[in-house]
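Listed here are the chains, written in short residue letters.
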Amino acid sequence: MAQLSLEDTRILAQNILRHHDFSEEQVAAIADVMVAGQRDECASHGLYRLLGCIATLNAGKVVPDAQPEIIDVAPALLKVDAKGGFSPLAFRRGLPLALEKARQNGLSAFAINHCVHFSALWVEIEDITAAGMVALACNPSHAWVAPAGGSKPLFGTNPFAFGWPRAGQLPFVFDFATSAIARGDIELHRREERPVPLGWGINDGGQPTTDAAAILSGAMLTFGGHKGSALSAMIELIAGPLIGDFTSAESKDWDHGAGALPYHGELIIILDPQRFLGDQATEHLARAEPLFTAMAQNGRLPSQRRYEARQRSQQQGITLPDTLYRDLLALLD
Ligand code: NDP
Ligand code: PYC
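What you are looking at is a predicted structure, and each value in this text was computed from that prediction instead of being measured.

**Q** An account of the nonpolar core is needed here, citing residue identities and associated values.
**A** Counting 59 residues, the largest nonpolar core has Phe-22, Leu-50, Phe-86, Ile-128 and Leu-328 as its most contacted members. Contacts of Phe-86, omitting those with residues within four sequence positions, involve Phe-22, Gln-26, Ile-30, Cys-53, Val-62, Val-116, Phe-118 and Leu-261. The next biggest cluster of nonpolar side chains, apart from the first, holds 11 residues, and it includes Trp-144, Phe-155, Trp-200 and Met-220.

As structure tokens, then:
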């Protein structure tokens, strides 16, 4: 394993992006998200994503110097047109206005359009909870996942994330793909030639398999059967047609076999506890704490693993598999 400090991890990510002519603003926004993923030991959404981002650039499927444009649609609604760039800069540009609208109205809906998407959603959720807000976010991806009972890919891996601010503590956050697992994790199993658990996907004959490559060319499965399937459909709708953007099937068609990262939109909803509760906000938010304590009775809260990993990385730096480190250095050639 290669060992890097967090600062060297950031410099590596930034240098690779600069080497491929991403604009400085794009470099900063993309690298921040990837370094956060690596720091929190979310291997499938850390520096590994640089391989997909540069492959997407080489396929001509992302704009490296895109300048996102904010469109102020209504008192509680804004859109940011990412103009074909990766999503993090569009999120960064739109966030101040989205928070301001939530403060004014009690809630705001923030749509990102025309973005190429590679990231974990919890990074954005934590930016919103840091402002004392409750947050939800979701997006489609590429049609890789069969609907419950089917065998043909239709849905994306469609992540759904939620965040709740906690006084004096890291927020309560969960963030999961509506497929049994993120596709990035199956890709990492294929890279490392490791079998995956049964239930993650089926081969192109519709048969259950533990072979990661067979699932990647067959179909992934939703989590929780028909329940995950319905949630995934909801995400296709509210972060697709509702915001005037692609479904996962349309994103896959647009890809046209290039193997690029998905191109679509994202929907973020922000709720302001102060506007809901006024003077009683502190008292009512405190009532969440016994719920969290009771939830952790037999294990842990979502994000607890991440927060522990964060602390470890801040003290000791991060590790990367040698093969990945070599592949990343090759992107500087
Ligand atoms: P996981 O199944 O690994 O984890 C999902 C959530 O469940 C996390 O919040 C995790 O917390 C929590 N969790 C896991 N195990 C437990 C447990 N035993 N007890 C309590 N909570 C637990 O993630 P996925 O594979 O579903 O998704 C991984 C990432 O991939 C997400 O961040 C998602 O945003 C991203 N993704 C992005 C896509 C895109 O289009 N951009 C598409 C699909 C996924 P913890 O992190 O602490 O383990
Ligand atoms: O891991 O499923 C995934 C994914 C898709 C886009 C970004 N991550």
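Next, the rest of the story.
**Q** Break down the site of ligand 1 for me, citing the residues and quoting the values.
**A** Of all residues adjacent to ligand 1, which total 24 residues, the nearest are Ser-119, Asp-175, Ala-177, Ser-303 and Arg-305. Take His-45: an N or O atom from its side chain is 3.5 Å from an oxygen atom of ligand 1. Contacts to ligand 1 include His-117, whose side-chain N or O atom sits 3.0 Å from a nitrogen atom. The set of elements that each furnish at least two residues to the shell around ligand 1 consists of β8 (169-177) and α13 (304-316). Among the elements that take part in the shell around ligand 1, β8 stands out by supplying 4 residues, more than any other. For the shell around ligand 1, the class distribution of residues is 12 nonpolar, 8 polar and 4 charged.

**Q** Before we move on, could you go through the pattern of salt bridges and cite the residues and values that matter?
**A** Inspection of the entire model under this criterion finds 16 salt bridges. A salt bridge links Arg-93 to Glu-25, with the shortest nitrogen-to-oxygen separation between them at 2.9 Å. Here Arg-93, found in helix α4 (residues 87-105), pairs with Glu-25, found in helix α2 (residues 24-39); they are 68 residues apart in sequence, far enough to count as distant. Looking at Arg-93, the relative accessible area reads 23%, which means it is partly exposed. By relative accessible area, Glu-25 is classed as partly exposed at 38%. The closest approach of N and O atoms between Asp-40 and Arg-310, which form a salt bridge, is 2.7 Å.

**Q** Tell me about the site of ligand 2, residues and numbers included.
**A** Taken together, His-45, Arg-49, His-117, Phe-118, Trp-144, Thr-157, Ala-182, Arg-183 and Gly-184 form the complete shell of residues around ligand 2. In the model, a nitrogen atom of ligand 2 is placed 2.8 Å from a nitrogen or oxygen of the His-45 side chain. Arg-183 places a main-chain nitrogen or oxygen 2.9 Å from an oxygen atom of ligand 2. Protein contacts shield 93% of the accessible area of ligand 2, which totals 250 Å² for the unbound molecule. Classifying every residue of the shell around ligand 2 by side-chain character gives 3 nonpolar, 4 polar and 2 charged.

**Q** I'd like to hear about the environment of His-189, residue by residue, with values.
**A** Within the secondary structure, His-189 is located in helix α6 (residues 183-191). The exposure class assigned to His-189 is buried, which follows from its relative accessible area of 8%. Spatially, the C-alpha atoms of His-189 and Ala-177 are 17 Å apart, while their sequence positions differ by 12 residues. Residues within four places of His-189 in sequence aside, it is in contact with Arg-194, Pro-195, Val-196, Trp-200 and Ala-212.

Quick notes on the rules
What you see as residue numbers is a count from 1 along each chain, following the sequence as written. Whichever chain is written first becomes A and whichever ligand is written first becomes 1, with later ones labelled in order. Only residues with pLDDT of at least 70 get local features here, since the model is predicted, and only at 80 or more are side-chain atom pairs given and counted; chain-wide, interface and lining totals rely on the full set of residues. Hydrogens and waters are ignored; side-chain quantities use all the structure's heavy atoms. Throughout, nonpolar core names a set of buried Ala, Val, Leu, Ile, Met, Phe, Trp, Tyr and Cys residues whose side chains join them through atoms within 4.5 Å. Here's how the labels work: a residue is buried when its accessible area is under 20% of the maximum for its type, exposed when over 50%, partly exposed in between, all with a 1.4 Å probe on protein chains only. In this analysis, two residues are considered to be in contact whenever any of their non-hydrogen atoms come within 4.5 Å of each other. The cutoff for a nearby residue is simple: one of its non-hydrogen atoms must lie within 4 Å of the molecule or strand. Within 3.5 Å is the distance limit for a polar contact, defined as a pair of N or O atoms, with the added protein rule that one can donate a hydrogen and the other accept it, and that residues adjacent in sequence qualify only through two side-chain atoms. Secondary structure elements follow DSSP: runs of H or I of four or more residues count as helices, runs of E of two or more count as strands, with numbering from the N terminus. Charged residues are taken to be Asp, Glu, Lys and Arg, nonpolar residues to be Ala, Val, Leu, Ile, Met, Phe, Trp, Tyr, Cys and Pro, and polar residues to be all remaining types, Gly included. Should a side-chain nitrogen of Lys or Arg be within 4 Å of a carboxyl oxygen of Asp or Glu, the pair is scored as a salt bridge. Using a 1.4 Å probe, the Shrake-Rupley method yields the accessible areas, and only the shown protein chains count as cover for residues.

Any functional reading would require information beyond the geometric quantities listed.
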